[in-house]
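Coordinate analysis (summary)
Residue strings, one per chain:
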Amino acid sequence: MAHDKFPSIFVFDVNETLLDITTLEPLFDRIFGDGHILREWFAQLILYSQTITLSGIYVPFGELGVGTLRMIANIHQVTVGDGDIAELKERMSTMPAHPDAAPALTRFRDAGFRLVTLTNSSSGASPTPLETAGLSHFFERNFSVDAAGKFKPAPETYSLVAQELAVKPADLCLVACHLWDTIGAQAAGCRGAFITRSGNAMLPAPGVPVPDFIAPELAALADQIIGLQ
């Protein structure tokens, strides 16, 4: 690790890291005739969230997701109706947890680590997606980038968590299955733990920060970190 002190607080990304976005595939299969368009939509959603932040603009993540769906529909020359939008919102709010999430979080908690979340999604009314997925009780705080008015990986989003918890960035370790997220966290002074779920890989380029921890899924990450503790 690049830091001498072991992290005491693990900050978990939510969408795709803890919650399984592949449950949105039936919607994309119905609209586009191809469930794999989900990945195109999600990649464009992340691209434009970062573009908006760099441009000094802020639009809530849910609204940006709807707009991105309409944009992708225009590209593929298909029609998206109000019912499709309602289904997207419903599916986004009820995504199940990955099977390894609860067991891994239990191990982190029992090992004495503090656990929080940081998501691009807006704070919403109860039940939240984490509550619906049965994971909310593992976390002492749930942070949204709404408070910073910027999307990850802007440094202000990670600094927000450190400030709210009254700790130094080096006390935090960001856990995500998106390398762009761990890069942002490390650039802000935090540690990074990269989950290489299917469709994610390292970026072998000079100057790109290597995550402090790399594991194929959350249970393996828990084994790795608790073994080093």
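This section reports on the structure supplied with the text. Every value quoted in this text rests on a predicted model; they were computed, and no experiment measured them. Once a new chain begins, its residue numbering starts again from 1 and follows that chain's sequence as written. Selection of residues for local features in this predicted model requires a pLDDT of at least 70, selection of side-chain atom pairs for listing and counting requires 80 or more, and totals for whole chains, interfaces and linings are taken over all residues. Remark: hydrogens and water are excluded; side-chain values derive from all non-hydrogen atoms of the structure.

**Observations concerning unusual backbone geometry**
The omega torsion across Lys152 and Pro153 is 10°, close enough to zero to call that bond cis. Structurally, Pro153 can be placed in the loop between strand S3 (141–144) and helix H7 (155–165). Positive phi, close to 55°, is recorded for Gln77, a residue that is not glycine. To sort residues, take the accessible area from a 1.4 Å probe on protein chains only and compare it with the maximum for the residue type: under 20% means buried, over 50% means exposed, and anything in between is partly exposed. For Gln77, a relative accessible area of 73% corresponds to the exposed category. A run of H or I in DSSP counts as a helix once it spans at least four residues, and a run of E counts as a strand once it spans at least two, with each numbered from the N terminus.

**Structural notes on the side chain of Gln186**
Relative to the helices and strands, Gln186 is located in helix H8 (residues 179–187). Should any heavy atoms of two residues lie within 4.5 Å, those residues are considered in contact. For Gln186, the residues in contact, after removing those within four places along its chain, are Arg191, Gly192, Pro209, Val210, Pro211 and Asp212.

**Concerning a nonpolar patch on the surface**
Residues qualify for a patch when their relative accessible area is over 30% and they have no salt bridge, like charges being joined within 9 Å and the nonpolar side chains of Val, Leu, Ile, Met, Phe, Trp and Tyr within 5 Å. For the area figures, the Shrake-Rupley method with a 1.4 Å probe applies, and any residue is considered shielded solely by the protein chains shown. Salt bridge, as used here, is a side-chain nitrogen of Lys or Arg placed within 4 Å of a carboxyl oxygen of Asp or Glu. A contiguous nonpolar surface patch, about 240 Å² in accessible area, is contributed by Met202, Val210 and Ile214. Here Met202 lies in the loop between strand S5 (191–195) and strand S6 (213–215). Looking at Met202, the relative accessible area reads 32%, which means it is partly exposed.

**Focus: empty space enclosed by the protein**
Buriedness of a pocket was judged along seven lines, with at least five required to meet protein on both sides within 12 Å; pockets are open sets of points on a 1 Å grid over the protein atoms alone, cavities are sets where a 1.4 Å probe fits but cannot get out, and lining residues have an atom within 4 Å of a point. Grid points are joined across faces, edges and corners, and a volume is the space filled by probe spheres set on the points. Applying the stated criterion across every chain yields a total of two cavities of 30 Å³ or more. Roughly 60 Å³ of volume is contained in the largest cavity. Around the largest cavity sit Asp13, Asn15, Phe42, Ile46, Phe61, Thr119, Asn120, His178 and Trp180, which together line it. At the level of elements, H7 and strand S4 (172–176) are the ones that each hand at least two residues to the lining of the second largest cavity. Classification used: nonpolar for Ala, Val, Leu, Ile, Met, Phe, Trp, Tyr, Cys and Pro, charged for Asp, Glu, Lys and Arg, polar for all others including Gly. Its residues assigned to classes, the lining of the second largest cavity shows seven nonpolar, no polar and no charged.

**Notes on the layout of surface pockets**
By volume, the largest pocket is sized at about 740 Å³. Taken together, 30 residues line the largest pocket, and the ones lying closest to its centre are Ser121, Ser122, Ser123, Gly124 and Pro129. Ranked by the residues each element gives to the lining of the largest pocket, the list is headed by helix H3 (residues 61–76), at five residues. For the lining of the largest pocket, a count of residues per class yields 13 nonpolar, 14 polar and three charged. Size it by volume and the second largest pocket reaches roughly 270 Å³.

**Some details on helix H4 (residues 82–93)**
For a helix, the expected span equals 1.5 Å multiplied by the number of residues minus one. When the terminal C-alpha atoms of H4 are compared, their 17 Å separation across twelve residues agrees well with the 16 Å that a helix rising 1.5 Å per residue should span. Every buried residue belonging to H4 is among Asp84, Ile85 and Leu88, and all of these are buried. Relative to the axis of H4, the buried residues are bounded by an arc of 100° and lie together on one face. Turned more than 90 degrees away from the buried face of H4 sit Asp82 and Gly83, all of them exposed. Residues of H4 that are buried sit in contact with helix H1 (25–32), helix H2 (37–54) and H3. As used here, the arc is the angular range of directions from the helix axis to the C-beta atoms.

**Quick look at the sheet that holds S3**
Any two strands with at least two DSSP bridges between them are considered paired. Within the open sheet, the six strands sit side by side as S3-S2-S1-S4-S5-S6. Their pairing is parallel. In this open sheet, the two edge strands, each paired with only one partner strand, are S3 and S6. With strand direction ignored, the average angle separating the axes of adjacent strands in the sheet is 20°. For strand S1 (residues 9–12) and strand S2 (residues 114–119), the ladder comprises four bridges, and the chain directions are parallel. Among the inter-strand pairings, Phe12 is bridged to a residue of S2, identified as Thr117. Convention adopted: a line fitted to C-alpha atoms gives each axis, helices being fitted over their contacting stretch, and angles between N-to-C directions are expressed from 0 to 180 degrees.

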